[in-house]
Amino acid sequence: MTCRRGALIVLEGVDRAGKTTQCLKLVQALQQSGREAEMMRFPDRTTVIGELISSYLMKKSNLEDHTVHLLFSANRWEMVPLMKQKLEQGINLVVDRYAFSGVAFTSAKPGFSLEWCRNPDVGLPKPDLVMFLQVNPGVAEKRGEFGTERYETSFFQSTVHQRFEELMEDKSVNWRVIDAARSIEEVHNDIKLLSENIIHFSENQPIGMLWS
Ligand code: TMP
């Protein structure tokens, strides 16, 4: 590697935890401090696969549960060449949801084990840091717009939250829990500090493979 690579930083959490707001603020703060940084989000609704997912989420179409799980995973894999290219160019990637949402949401459905859900994402670029924005699902629900898309019910979200808790027991992933019930600025300051540290730490490390 000729230049220092960028870090792969992921924000996870239940719906309305503030992930998108915090991703945008982090990218802006990193850029202002002279680092290269870009945001990505999953699902990426702009691709052909992403359009199928988007239509499913907006309840305009129905897809079989295993099928939609594999589409979410395929939507990540189709971005891998671009992600690797950017990381190798030294660009820090700030990602709004990743494979952990994939596993937490599908395994919240009856009959899906964590193990089955994890398999299609084994080998994806491994995040250097995953920050879980922790808010009680009841607080998230009060933040507005909750309930417009598929999965946005408080019962489903609390099951998703439990699945995230199980995923966070996996010490092969660099999880950090952030108390996201605080003000936007307080949450941002924690996220920025953790991100700056991991960018420094990861720059000379190879990109890892998730769950393998
Ligand atoms: P968002 O675009 O507002 O983040 O919402 C995407 C929805 O899709 C959200 O309810 C979480 C869900 N989801 C999955 O079920 N599987 C996945 O792999 C991902 C990335 C998201």
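Residues numbered from 1 in each chain as written. Predicted model: local features only at pLDDT ≥ 70, side-chain atom pairs only at ≥ 80, totals over all residues. Heavy atoms only, no water.

- An unreviewed UniProt entry lists the chain under the name Thymidylate kinase, with Triplophysa tibetana given as the organism.
- The record held by UniProt for the chain lists under Function (unreviewed entry) the comment "Catalyzes the phosphorylation of thymidine monophosphate (dTMP) to thymidine diphosphate (dTDP), the immediate precursor for the DNA building block dTTP, with ATP as the preferred phosphoryl donor in the presence of Mg(2+)." (UniProt positions renumbered as here; feature names shortened; annotations may be inferred.)

### Focus on the nonpolar core
For step 1, the next point in the chain: Counting 62 residues, the largest nonpolar core has Ile9, Tyr98, Phe100, Phe164 and Trp175 as the members making the most contacts within it.
For step 2, the next point in the chain: Setting aside residues up to four positions removed in sequence, Ile9 forms contacts with Leu26, Leu93, Val94, Val95, Leu129, Met131, Ser195, Ile198 and Ile199. (Core = buried A, V, L, I, M, F, W, Y, C linked by side-chain atoms within 4.5 Å. Buried < 20%, exposed > 50% of the residue type's maximum accessible area, 1.4 Å probe, protein only. Contact = heavy atoms within 4.5 Å.)

### Some words on the pattern of salt bridges
For step 1, the next point in the chain: A complete count under the given rule lists 15 salt bridges for this structure.
For step 2, the next point in the chain: Two residues, Glu196 and Lys192, come together in a salt bridge whose shortest N-O distance is 3.6 Å. With Glu196 and Lys192 both in helix H9 (residues 184-202), this residue pair falls four residues apart, about one helical turn. (Salt bridge = Lys/Arg side-chain N within 4 Å of Asp/Glu carboxyl O. Helix = DSSP H or I, 4+ residues; strand = E, 2+ residues; numbered from the N terminus.)

### Concerning the side chain of His161
For step 1, the next point in the chain: Position of His161 relative to the elements: it lies in helix H8 (residues 154-167).
For step 2, the next point in the chain: A distance of 2.9 Å separates polar atoms of two side chains, one belonging to His161 and the other to Gln134. (Polar contact = N/O pair within 3.5 Å; in protein donor to acceptor, adjacent residues only side chain to side chain.)

### Looking at the site of the ligand
For step 1, the next point in the chain: Taken together, 13 residues lie around the ligand, and Asp15, Arg45, Arg76, Arg97 and Gly102 are the ones closest in.
For step 2, the next point in the chain: Arg97 is positioned such that a nitrogen or oxygen atom in its side chain is 2.7 Å from an oxygen atom of the ligand.
For step 3, the next point in the chain: Its free accessible area being 480 Å², the ligand has 93% of it covered by the protein chains.
For step 4, the next point in the chain: Among the elements of the structure, helix H3 (65-77) and helix H5 (99-106) are those that each provide at least two residues to the shell around the ligand.
For step 5, the next point in the chain: Looking at the shell around the ligand element by element, the count peaks at three residues for H5.
For step 6, the next point in the chain: Among the residues forming the shell around the ligand, the class breakdown is six nonpolar, two polar and five charged. (Near = heavy atom within 4 Å. Areas by Shrake-Rupley, 256 points an atom, 1.4 Å probe, with all protein chains shown as cover. Nonpolar A, V, L, I, M, F, W, Y, C, P; charged D, E, K, R; others polar.)

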